[in-house]
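Analysis of the macromolecular model
Here are the chains, one letter per residue:
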Amino acid sequence: MLRFFKKKEMKTWESERLPRHIAIVMDGNGRWATKRALPRTAGHVAGAETFRRVATYCKDIGIEYLTVYAFSTENWKRSEDEVAKIMELLEKYLHESIEKMERDKVKMKFLGDISVLSQNLQDLIAKTEELSKKFDGVQVNICLNYGSRAEIVRAVQNYADSIKDTPDAPRLTEENFAKFLYTADIPDPDLVIRPSGEMRLSNFLLWQTAYSEYYFTDCLWPDFNENELDLAIATYQTRDRRYGNA
Ligand code: FPP
């Protein structure tokens with residue numbers, strides 16, 4: 001499918017105050033396709049292309065972490081065809097990433113319960129994480145079969161298991177609890193972007209986004225591009241982050 005992007009304009013943000021970590025709900029693929037009388041799956045194909053493009057741009061401008069919501073614990077409710085297409089796109093993406101790893105130097109991690117995915121996909125994920133762990137440019141985290149409530153329940157369970165033979169374990173702190181989340185070792189997102197006009201979090205990083213700045217845009221994810229990201233970052237830079245201070 002041939003798609004055209006607007007030529008890159010002058011950037012509008014200051015490099016001194018870039019968000020370290022950007023998280024994105026890649027929403028609007030289905031509507032993008034329906035508007036063009038295409039099957040919903042064509043929207044995911046276009047969305048996957050946009051993801052690649054945005055990840056490259058994040059790396060180029062010096063964003064340290066990019067986290068995207070690729071497939072939620074609730075997305076299994078979609079048609080078999082649609083789920084299969086998303087899994088196929090992920091496989092394709094992983095094959096390409098492994099092939100181009102030495103050139104792209106992107107560190108990749110997967111957040112979510114991947115144990116229910118096909119063995120092939122699980123093997124590809126393990127290989128990608130292992131091969132890319134040496135890179136320290138942008139880290140791309142792909143949330144796959146991810147749901148924030150399930151993540152928190154899993155963390156509570158793992159914490160309880162970890163202290164069951166330690167009756168005098170110290171009281172749990174926020175910092176220690178966070179180590180049981182999929183995002184242990186990843187700083188909280190500074191900026192959360194949700195395209196497509198929806199203004200909700202949909203079970204995405206509920207714990208981690210307590211102090212994040214939110215940016216909503218009507219742009220559908222397949223139409224999102226470098227200019228849109230520039231605008232989101234510039235808007236983020238106008239915000240006064242007080243973390244509860246006066
Ligand atoms: C939400 O749009 C999008 C998804 C549930 C799937 C996202 C998947 C991809 C972009 C492709 C694979 C990902 C990678 C990382 C290669 P929607 O379908 O809910 O759109 P709608 O709200 O317009 O129906």
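Cut-off values and rules
Residues numbered from 1 in each chain as written. Predicted model: local features only at pLDDT ≥ 70, side-chain atom pairs only at ≥ 80, totals over all residues. Heavy atoms only, no water. Axes fitted to C-alpha atoms, helices over the stretch in contact; angles between N-to-C directions. Helix = DSSP H or I, 4+ residues; strand = E, 2+ residues; numbered from the N terminus. Parallel < 35°, antiparallel > 145°, perpendicular 65-115°, else oblique. Left-handed = near helix turned anticlockwise from the far one by under 90°. Contact = heavy atoms within 4.5 Å. Nonpolar A, V, L, I, M, F, W, Y, C, P; charged D, E, K, R; others polar. Phe/Tyr/Trp six-rings, centres within 6.5 Å; stacked < 30°, edge-to-face > 60°. Buried < 20%, exposed > 50% of the residue type's maximum accessible area, 1.4 Å probe, protein only. Pairing = 2+ DSSP bridges. Expected span 1.5 Å × (residues − 1). Arc of directions from axis to C-beta.

In this section: the packing of helix α2 (residues 40-61) against helix α8 (residues 226-236). Taken N-terminus to C-terminus, the directions of α2 and α8 make an angle of 55°; their axes are 10 Å apart at the nearest point. Regarding the angle of α2 to α8, the classification is oblique. Taken as a pair, α2 and α8 cross one another with a handedness that is right-handed. Contact residues: α2 offers Arg53, Val54, Tyr57, Cys58 and Ile61, while α8 offers Glu226, Leu229, Asp230 and Ile233. Here the contact of α2 with α8 is built from residues that sort into 6 nonpolar, no polar and 3 charged.

Quick look at the packing of aromatic side chains now. Applying the stated rule across the entire model yields 11 aromatic pairs. Arranged with centres 5.6 Å apart and planes meeting at 80°, the rings of Tyr159 and Phe180 form a pair that is edge-to-face. Taken together, the residues Tyr159 in helix α6 (residues 148-163) and Phe180 in the loop between α7 (174-178) and β5 (191-194) connect sequence positions 21 residues apart. When its relative accessible area of 16% is taken as the criterion, Tyr159 is described as buried. Residue class for Phe180 comes out partly exposed when judged on its relative accessible area of 23%. Both rings, one in Tyr211 and one in Tyr243, keep their centres 5.6 Å apart while their planes meet at 45°; by these two values the pair is tilted. Of the two residues, Tyr211 sits in the loop between β5 and β6 (213-216) while Tyr243 sits in the segment after α8, which places them 32 residues apart along the sequence. Judged by its relative accessible area of 49%, Tyr211 is partly exposed. Through pairs of rings, three or more aromatic residues link up here, namely Tyr69, Tyr146, Tyr182 and Phe204.

Here the phi dihedral of Asp185 falls at roughly 75°; this positive angle occurs in a residue that is not glycine. In this fold, Asp185 is placed in the loop between α7 and β5. Residue class for Asp185 comes out exposed when judged on its relative accessible area of 77%. In this structure, Ser196 is a non-glycine residue whose phi angle is positive, near 80°. Its place among the elements puts Ser196 in the loop between β5 and β6.

What follows deals with the sheet that holds β6. Spatially, 6 strands are ordered β3-β4-β2-β1-β5-β6 in an open sheet, and the strand pairing comes out parallel. Edge strands, defined here as strands with exactly one partner in the open sheet, are β3 (107-111) and β6. On average, each strand axis in the sheet is inclined to that of its neighbour by 20°, with strand direction left out of account. As paired elements, strand β1 (residues 21-25) and β5 share 3 bridges and run parallel to each other. Of the residues in β5, the one forming a bridge with Ile24 is Ile193. Packed onto the sheet, α8 meets β1, β5 and β6 and runs at close to 135° relative to β5.

The next point concerns α6. Here α6 contains 16 residues, and its C-alpha end-to-end distance of 23 Å stays within 8% of the 22 Å for a straight helix at 1.5 Å per residue. For α6, the full list of buried residues reads Ser148, Glu151, Ala155 and Tyr159. Looking straight down α6, one finds that the buried residues subtend no more than 70° of arc, so they occupy a single side. Looking at α6, the residues exposed on the side facing more than 90 degrees away from the buried face are Arg149 and Val153. Elements in contact with the buried residues of α6: β4 (139-146) and α7.

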